[in-house]
Structure formats: C-alpha cells, structure tokens
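Chain by chain, the residues run as shown.
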Amino acid sequence: MKIERIDLYHVSMRLVSPFVTSFGPQQQRDCLLTAVHAEGLTGWGESVATNDPGYSYETTGTAWHILSDFLIPALIGRDMAGPEALGPALSFVRGHPLAKAALDQAMWDLAAQSDGISMSAKLAEPYAEGPKARVPVGVSIGIQPSLERTVEVIGEYYDQGYRRIKLKIKPGHDLAVARAARAAYPDLPIMLDANSAFRLEDAAVFQAMDNLDLLMLEQPLGYEDIYDHSRLRPLIKTPLCLDESIHSDDHARYALAIDACDIINVKPSRVAGWTEARRIHDRCRAAGMPLWVGGMLETGVGRAAQLALASLPGFTLPGDISATERYYERDITAPFYLNREDSTISVPSGVGLGVVIDHDYLDTVTVRRQSFAAH
Ligand code: OSB
Ligand code: MG
C-alpha cells in the first residue's frame, strides 16, 4: 500500500469529570489523531500522549513534533507491505511509542479495510478460536475528595452495571480507600492502581491489604522498574500487575524471566502499537500470564481499536474500556454502551475500526491540523 497523504489533528475534549491520579488531575483531555490515506482508503489512529508528561515523558507537544518532523515524513510516498512493516520503518526514532502507535493503529485499520474485514478479525487471523464478540470491561475511578465520595462513585458505576472497579491510589490515600471499598462491596472485583507512586520500602502498606481479596495491585513502584516489583511480589498476597514499566515485548520477557508480576496491563499505545501488543499477547498467553487491555481515556477512534485488541483470546481479564458516557458528553464517533447484563462492551464488527467519524464535531474540537503529502 502506497501512503499518499497523512493528516494530523490535535483535538481537545472535556472529560465529564476530572480524572485524578497519583501524578495529578486531568479534566481537559487532548490527543492527536492521524488519518492515513492509501489507495483510496483512509485509516485512523489516535495518539494518547497527554497534556502533561505525568504518565510518560510524552505529551501532545512532543508527539506532534516527533510525528510531523520524523515519523510522517518517513512514510509519505512509501509503499508499505502491511502494518507489520511499520516498526522497522520507524525504528530510526528511539522511543516515543505514543506517537508511533497513532500510525500503527491507522495501518491496522487500513489493512482490515483493504481485506473488507473488521480490525478485530484482522488481528485475530493467527488464532484458531477467532475473536470474541463482547469483551469484559470495568471502570477506572480517579482519586476522590473523601472515602465517602469514593464509595458513592463506586455505587454509581455499580448501578450502571460495571462489575470490576479500579481505584486510583497514592501515598496517604491507599489502605483506607481499599478497606472502605471492600467494606461497602464485599464481593465486587476491586483492584488498585498506584501509577508508580510508591517505593519498595512501602511494602507494609500493601501487606496490610493482604486480607482484602483484591483482584490485583497495578504498578505500585517506579515507572521504569521491573526489579523492585520482582522483590515486592513475594512479600504480598495480592496479585501484582505491571502497566507503565512494560514498554515492549522485551520488557514482558524480562518481567516473565524474573517473576516481576502476575498480570500485565497491555496498552497498545504504550508499546508503540497493535503489532507489538500482539507479540506480548502471544508470549504471555504461551507462558500462562493473564492479560487485560488498559485505557488512556480514548476517544471513540482509540476505543474501537482497544476493543479489537481485547477481542483476542489471551485477554481474559476485564479491560479499562468503559462506555463513552463515562468519559465524554459527546464523542467524535457514535457512543459505545455497556452491556449491563454481563459488564461487557461489544466489539465493532464493521469493516476496519467499524466506527464512523463525525467530521463536524471533529472540526469543533480540533485546535490544530496539518496535512502531509508528497510533492
Ligand atoms: O494508569 O491505567 C492508567 C488513564 C490515564 C493514564 C493512565 C491510566 C489511566 C486509566 C484510565 O486508568 C483507563 C480508562 O481509559 O478508562
Ligand atoms: Mg495504570
């Protein structure tokens, strides 16, 4: 497929409520979108690089720079065999996975469109069992002003039908949160996400949670760490999950080699895209390591691709993929809904991403746009 033109969008959308994590609050959610044009088709991708460098070093500003000055110019006019050719074509840029992932997603969308199948079916081609039509999901709840409010918010999502709750924690807002949630909901699958805010010396905080029957503890220690997590793991009963520190399939290999975790949260954007995410899926599935698909407050464009990944057979735990109304009042695609009866979301079955972009609304939320074409 010859890449003829790529359009880059910076969009800015307001979340329905502020999302507070150990690295700070977020209410305005910016991201970049890429539209890759090839052979009469247009594939779409989303870069989840954020306004601030809190989750990773990347921001919408660095992603714009890396995409517009390096990644996009390397692709314009180039004949690409398929999405798997993208990694080698972009390996001259070190790091910057969130920027690269926007192009990777668009390439998978294009490949699926070119075959006339869904992105889910395209990704699932190597597996005998085929993709799931619905994937189990949960909701990620930011840090709330009080324990009472935390329990109230859990209740609101429980009433909407969510049957897996993730609570953000930070030092000083940890054990009491977990205890309050467990006391109010004795049987609900509850997990915690610290976004790298603790140190190995804080192990006692997590040992005190051993009797709470938590589903898992996500990324308590450093965002690049694997070693200290491997030392924390035998000290606690709660299953340990890595998010931030798995940057590639190699990192998954290192984590498996030193028993650093029990579970991996696979965010395709964090590992530069769907090709690498599928490699991690294959490795972990063979090793018996359970997986789930994480989220970065995606628009409908990114959410469709998260669902496609989560439809693969190795993603057995509920993902951080919630209904549109949990994030945005209005989205740039039609809303995604929760299937209340089983806390799932249906995977789009249409060709490619299987979503239709509302170009009028996209124009409304676009703050900067640039087109790149051969001349
Ligand atoms: O650590 O999983 C995380 C959102 C932004 C940055 C990091 C994280 C998150 C979430 C939200 O937990 C998941 C979602 O998209 O619903
Ligand atoms: Mg996380």
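This text goes with the structure placed above it.
Residues numbered from 1 in each chain as written. Chains lettered and ligands numbered in written order. Predicted model: local features only at pLDDT ≥ 70, side-chain atom pairs only at ≥ 80, totals over all residues. Heavy atoms only, no water.

**As for the site of ligand 1**
In the region of ligand 1, 15 residues are neighbours, and S140, N195, K267, L297 and Y327 sit closest. Backbone polar atom of L297 to an oxygen atom of ligand 1: 2.8 Å apart, as the coordinates give it. Relative to its free-state accessible area of 390 Å², ligand 1 is covered by the protein chains to the extent of 99%. Per-class residue counts for the shell around ligand 1 are five nonpolar, three polar and seven charged. (Near = heavy atom within 4 Å. Polar contact = N/O pair within 3.5 Å; in protein donor to acceptor, adjacent residues only side chain to side chain. Areas by Shrake-Rupley, 256 points an atom, 1.4 Å probe, with all protein chains shown as cover. Nonpolar A, V, L, I, M, F, W, Y, C, P; charged D, E, K, R; others polar.)

**Some remarks on the packing of helix α5 (residues 147-160) against helix α6 (residues 175-184)**
Packing of α5 against α6 leaves a shortest axis separation of 10 Å and a crossing angle of 45 degrees. It follows from the interaxial angle that α5 and α6 lie oblique. Where α5 crosses over α6, the two elements pack in a sense that is right-handed. Taken together, the residues of α6 that come into contact with α5 (itself represented by L147, T150, V151 and I154) are A176, V177, A180, A181 and A184. For the contact of α5 with α6, a count of residues per class yields eight nonpolar, one polar and no charged. (Axes fitted to C-alpha atoms, helices over the stretch in contact; angles between N-to-C directions. Helix = DSSP H or I, 4+ residues; strand = E, 2+ residues; numbered from the N terminus. Parallel < 35°, antiparallel > 145°, perpendicular 65-115°, else oblique. Left-handed = near helix turned anticlockwise from the far one by under 90°. Contact = heavy atoms within 4.5 Å.)

**With respect to the sheet that holds strand β3 (residues 41-47)**
Here we have four strands laid out as an open sheet, ordered β3-β2-β1-β13, and antiparallel in their pairing. Since the sheet does not close on itself, it has two edges, and those belong to β3 and β13 (366-373), each with one partner. Within this sheet the neighbouring strands show an average axis-to-axis angle of 20 degrees, counted without direction. Sitting on the sheet, helix α3 (residues 97-115) touches β1 (3-21), β2 (24-38) and β3, and the angle it makes with β3 is about 150 degrees. (Pairing = 2+ DSSP bridges.)

**A short note on the packing of helix α1 (residues 60-75) against α3**
Two numbers describe how α1 lies on α3: the axes approach to 9 Å, and their chain directions differ by 45 degrees. As summarised for this structure, α1 and α3 are arranged oblique, according to the angle between their axes. Crossing geometry of α1 relative to α3 is assigned as right-handed. Contacts from A63, I66, L67, L71, I72 and L75 of α1 reach α3 at A99, K100 and L103. Of the residues contributing to the contact of α1 with α3, the split by class is eight nonpolar, no polar and one charged.

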